[in-house]
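Chain by chain, the residues:
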Amino acid sequence: VAVRRLITEAGGGLVAETDAGAIRAKNVVVATGPYQRAVVPAAAAGLDGVRQLHARDYRNPASLPAGGVLVVGSGASGCQIAEDLLRAGRRVWLSVGSHRRAPRRYRGFDFQHWEAVLGEWDRPVAQRPAGEPPPLLTGVGGGRDMDIRELAEMGATLAGRLSDAGGGVARFEPDLAQTLARGDAFYDRYLAAIDAYAQAQGLDLPPPDPTPRRPDSPPGPTELDLAAAGVAGVIWAKGYGLDLGWIEIEGALSAEGGPIHRDGVGAVVGLYFLGLPWLSKRKSTLLSGVGEDAQRLAAHIAAR
């Protein structure tokens, strides 16, 4: 059944109002995931006159009319879409924001393996790095690293972070070089951590990969007139946000609309959350980690 809203009942207890009627419960676990709302910035209103899609609605280059494409966002989705468009012969502009370069495979093992043995998946929420974006990886072709510079070598024009837009003109921050350097720095630190772990454990592994070539990138445009450049489409690859507005319980949500909880146990008695990023650990949103949180919340509910 579809839940329309969640409220409290006079005298205690929780009530879910659904299409099939009211469901009353002493405990409710909200496990709807973190991807309800596609994020499209306010700047989109200044780029009218072209086809605009969120990354979730992109299927292939035919999703957009003929012409150039501006891709805003340089996470995994944005970079994979930019690559797909380039391989189809499209002219692409890529607005580059914060990204975390990581090796798909290194010294014989996949990124997921190294995250596990380095203890990253079990990093608790108290040790969450501030403002850290997801890793920039791809599963295309069996899985490989992604480097934004390679997209430039394929023909993409790189620009800095989108600052605003108006009258069909997109404006970018002059921060491209610094943003690329931060992505490189994470990549280098991560490989150094793997090498140090392998040495400390005395592991017999293939030798480290050679340092990748990193040609200097041009500073990138600070403005892009979409009509003059022949841009016919914009892809917004800015991720997703929570939409928990259907929870109409005082004290359950923060002023920003996020859940108030400690390791999934809500501030409202009987209300729980599961499957959210960094619920208790880095892996809380993954299949490899959600089970631990579920067991812990089940025990908490049983103890009540």
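All of the points below concern the structure found in this document.

How each quantity is defined
- What you see as residue numbers is a count from 1 along each chain, following the sequence as written.
- The model is predicted, so local features are restricted to residues of pLDDT at least 70 and side-chain atom pairs to those at 80 or more, both for listing and for counting; the totals for chains, interfaces and linings are taken over all residues.
- Values shown for side chains rest on all heavy atoms present in the structure; no hydrogens or waters enter the calculation.
- What counts as a helix is a DSSP run of H or I of at least four residues, what counts as a strand is a run of E of at least two, and both are numbered from the N terminus.
- Three exposure classes are used, based on accessible area relative to the maximum for each residue type with a 1.4 Å probe and protein chains only: buried under 20%, partly exposed in between, and exposed over 50%.
- Between two residues, a contact is recorded if the distance between any of their heavy atoms is within 4.5 Å.
- Shrake-Rupley sampling with a 1.4 Å probe provides the accessible areas, and residues are treated as covered by the protein chains on show and by no other component.
- Under this rule, positive means Lys or Arg and negative means Asp or Glu; His and the chain ends count for nothing.
- Lys charges are placed at NZ, Arg charges at CZ, Asp charges at CG and Glu charges at CD.
- Whether two strands pair comes down to DSSP finding at least two bridges between them.
- Between the N-to-C directions of two axes lies an angle of 0 to 180 degrees, each axis being a line fitted to C-alpha atoms and, for a helix, fitted only over the stretch in contact.
- Residue types Ala, Val, Leu, Ile, Met, Phe, Trp, Tyr and Cys, when buried and joined through side-chain atoms within 4.5 Å, form a set referred to as a nonpolar core.

### Focus: the overall build of the protein
From N to C terminus, the protein includes six helices and 22 strands. Seen along its three principal axes, the alpha-carbon backbone of the protein occupies a region of about 65 × 60 × 30 Å. Across the 304 residues of the protein, 41% fall into the buried class. A fraction of 66% describes how many contacts in the protein between residues 6 or more apart in sequence connect residues 24 or more apart. In the form shown here, the protein has an accessible surface area of approximately 15500 Å², with 52% of it arising from carbon and sulfur atoms. Of the side-chain charges in the protein, 33 are positive and 34 negative, and the distance between the mean point of each set is 3 Å.

### Concerning the sheet that holds strand E1 (residues 3-8)
Spatially, E1-E2-E3 is the arrangement adopted by the three strands of the open sheet, whose pairing is antiparallel. Of all the strands in the sheet, just E1 and strand E3 (21-25) have a single pairing partner and so form its edges. For this sheet, the mean angle separating the axes of adjacent strands, direction not counted, is 20 degrees.

### Remarks on the pairing of strand E12 (residues 135-138)
Pairing analysis gives two bridges linking strand E9 (residues 100-101) to E12, with the strands arranged parallel. The residue bridging Arg 100 from the neighbouring strand is Pro 135, located in E12. Here two bridges tie E12 to strand E13 (residues 144-145), and the two strands are oriented antiparallel to one another. Directly across from Leu 137, in E13, lies its bridge partner Asp 145.

### Structural notes on the nonpolar core
Val 71, Leu 85, Leu 94, Ile 148 and Ile 235 are the most contacted members of the largest nonpolar core, which totals 24 residues. Elements with a contribution of two residues or more to this core: strand E7 (68-72), helix H1 (76-87), strand E8 (92-95), helix H3 (148-154) and helix H4 (176-201). Here the element with the most residues in this core is H1; it accounts for five residues. Excluding its chain neighbours within four sequence positions, the residues that come into contact with Ile 148 are Ser 74, Cys 79, Leu 94, Val 96, His 99, Leu 136, Leu 158 and Leu 180.

### Some remarks on the pairing of strand E18 (residues 231-236)
Among the six residues of E18, six are classified as buried, and the element is accordingly described as predominantly covered. As paired elements, strand E6 (residues 51-54) and E18 share four bridges and run parallel to each other. Across the sheet, the residue bridging to Leu 53 is Ile 235, located in E18.

### Remarks on the environment of Leu 136
Position of Leu 136 relative to the elements: it lies in strand E12. The spacing of Leu 136 and Ala 252 is 116 residues in sequence and 33 Å in space, taken between C-alpha atoms. Ignoring anything within four residues of it in the chain, the contact list for Leu 136 reads Ser 74, Gly 75, Ala 76, Cys 79, His 99, Arg 100, Arg 101, Ala 102, Met 146 and Ile 148.

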